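A look at the structure
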Amino acid sequence: MQLRAEFLWEKYSPYFPIGYAIGTENIDRYKGGIDRHFNSFTCENEMKMYTIAPHSPTQDNFAPSDNMVDYAVSQGKRVRGHTLIWYNGAPSWIAGCRDKQTLLRLIGDYVTRVVKHYGNKVYSWDVVNEAIGDDNRYRSAFYDVAGIDYIETAFCVARAANPHIRLFYNDYNLDKPQKRAKVIEMLRELQRDGVPVDGVGMQGHYNLKDTRISDVENAIREFSALGLEVQITELDVKNYGNTGARRQAELYGELFALFRKYADVITGVTLWNAADDYSWLDGDDFPHYGTGKAYPTLFDENHGRKEAFYKVFDF
Ligand code: XIL
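In short, a report on the structure. (Residues numbered from 1 in each chain as written. Predicted model: local features only at pLDDT ≥ 70, side-chain atom pairs only at ≥ 80, totals over all residues.)

**Description of the overall build of the protein chain**
For clarity, the cut-off: Strands are runs of DSSP state E lasting at least two residues, helices are runs of H or I lasting at least four, and both sets are numbered from the N terminus onward. Atoms considered for the radius of gyration are the C-alpha atoms alone. The globule rule reads 2.2 Å times the number of residues to the power 0.38. With C-beta atoms placed from the backbone, a residue is buried if 20 or more other C-beta atoms are within 10 Å of its own, exposed if 12 or fewer are, and partly exposed between those counts.
Helix and strand content of the protein chain: 12 helices and nine strands. At 19 Å, the protein chain has a C-alpha radius of gyration in line with the 20 Å of a compact globule built from 315 residues. Seen through its C-alpha atoms, the protein chain measures out along the principal axes to roughly 55 × 40 × 40 Å. A buried classification covers 42% of the 315 residues belonging to the protein chain.

Here it is as structure tokens:
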């Protein structure tokens, strides 16, 4: 352990890399400032299918993410790829496909192309994102056409395209026992079929009302019992109106203490957005969470360290 770590990543270097996810429009906002706290980087939207190939399966709009990856690599950060196959925002050329063999071919071709494009600049990929819905069943979009084969194809093809990278299944609410049970059932099936899944990404969109440390701990234990590595891939703690800063700080502190306890299975923790001046949660898009500003990060609107930061940093 360093005696005088200045940045988060230094403090956490004995444990796991610390990452953040931002969009290309926010690179300059954090450059040379709080981005120095992070040694892992994720493109918020630029590696999604709706950015890379919005209109046709052979489109290659790699420029936005390429610039970001070059930036991250130049700063010595590792890059998590997010995400290859996601029902949400899937372009019509694939979302509209109703033939199983065609769908599997489209998925296979796309995954191969994208994984090969980034090569080893991306060390891990969220291969499939959010395959299980809030009703704890497979979401209909791709599943209705191809069953679990669409997931298997995506992982197998990604492994074949680059055997050196880590392949993750990524989802939210994995601290919730019922959804987790369904995801574990899916992961067991994938493992039985010999599908190359290396890890589970727990998104980690938490809140002050019903996030329980014991639930998060159970999730980490149950996923690692499958022989999988675990990453926290999209961590934030909603605090709409900034009315619960003290409780938010405590929860962040408890979460990171838990993550340190499981550092042998946790291979990365990524925060979703960098500071409270910009969050995907701001506004009225998720009225069931709250409205207005969400104040979900470790840094305030002026990029200063919040109480939550100190709870994570001082241990
Ligand atoms: C979000 C981005 O933050 C937004 O900018 C975008 O409009 C929608 O997607 N789970 C995920 C992420 O896996 O990709 C989502 O990111 C947040 C929820």
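Back to the write-up after that little detour.
**Some points on the environment of Lys179**
Note the threshold: Two residues qualify as a contact pair if the distance between their C-beta atoms, derived from the backbone, is within 7 Å.
Relative to the elements of secondary structure, Lys179 occurs in helix α9 (residues 177-192). Looking at Lys179, the number of C-beta atoms within 10 Å reads 19, which means it is partly exposed. Between the alpha carbons of Lys179 and Asp135 there is a distance of 8.0 Å; along the sequence they are 44 residues apart. Contacts of Lys179, omitting those with residues within four sequence positions, involve Ile132, Asn136, Asn173 and Leu174.

**Focus on unusual backbone geometry**
Looking along the chain, the bond that leaves His82 and enters Thr83 is cis, with omega of -5°. Topologically, Thr83 is positioned in strand β3 (residues 78-86). A positive phi angle, near 55°, is found at Glu130, a position not held by glycine. Residue placement: Glu130 occurs in the loop between β4 (122-129) and α7 (140-146).

**A look at the environment of Asp109**
Examined against the element boundaries, Asp109 turns out to sit in helix α6 (residues 100-118). Exposure remark for Asp109: the 13 C-beta atoms within 10 Å place this residue in the partly exposed category. Linking Asp109 and Val157, residues 48 residues apart in sequence, is a C-alpha distance of 8.4 Å.

**Some details on the nonpolar core**
In plain terms, the rule: In this description, a nonpolar core means buried residues of the types Ala, Val, Leu, Ile, Met, Phe, Trp, Tyr and Cys, linked to one another by C-beta atoms lying within 7 Å.
One finds Val111, Trp125, Val127, Ala154, Ala158 and Tyr252 to be the most contacted residues of the largest nonpolar core, which totals 80 residues. Of the residues forming this core, the biggest block, seven residues, is contributed by α6. Those residues in contact with Ala158 that sit more than four places away from it in its chain are Leu84, Val111, Val115, Trp125, Val127 and Leu167.

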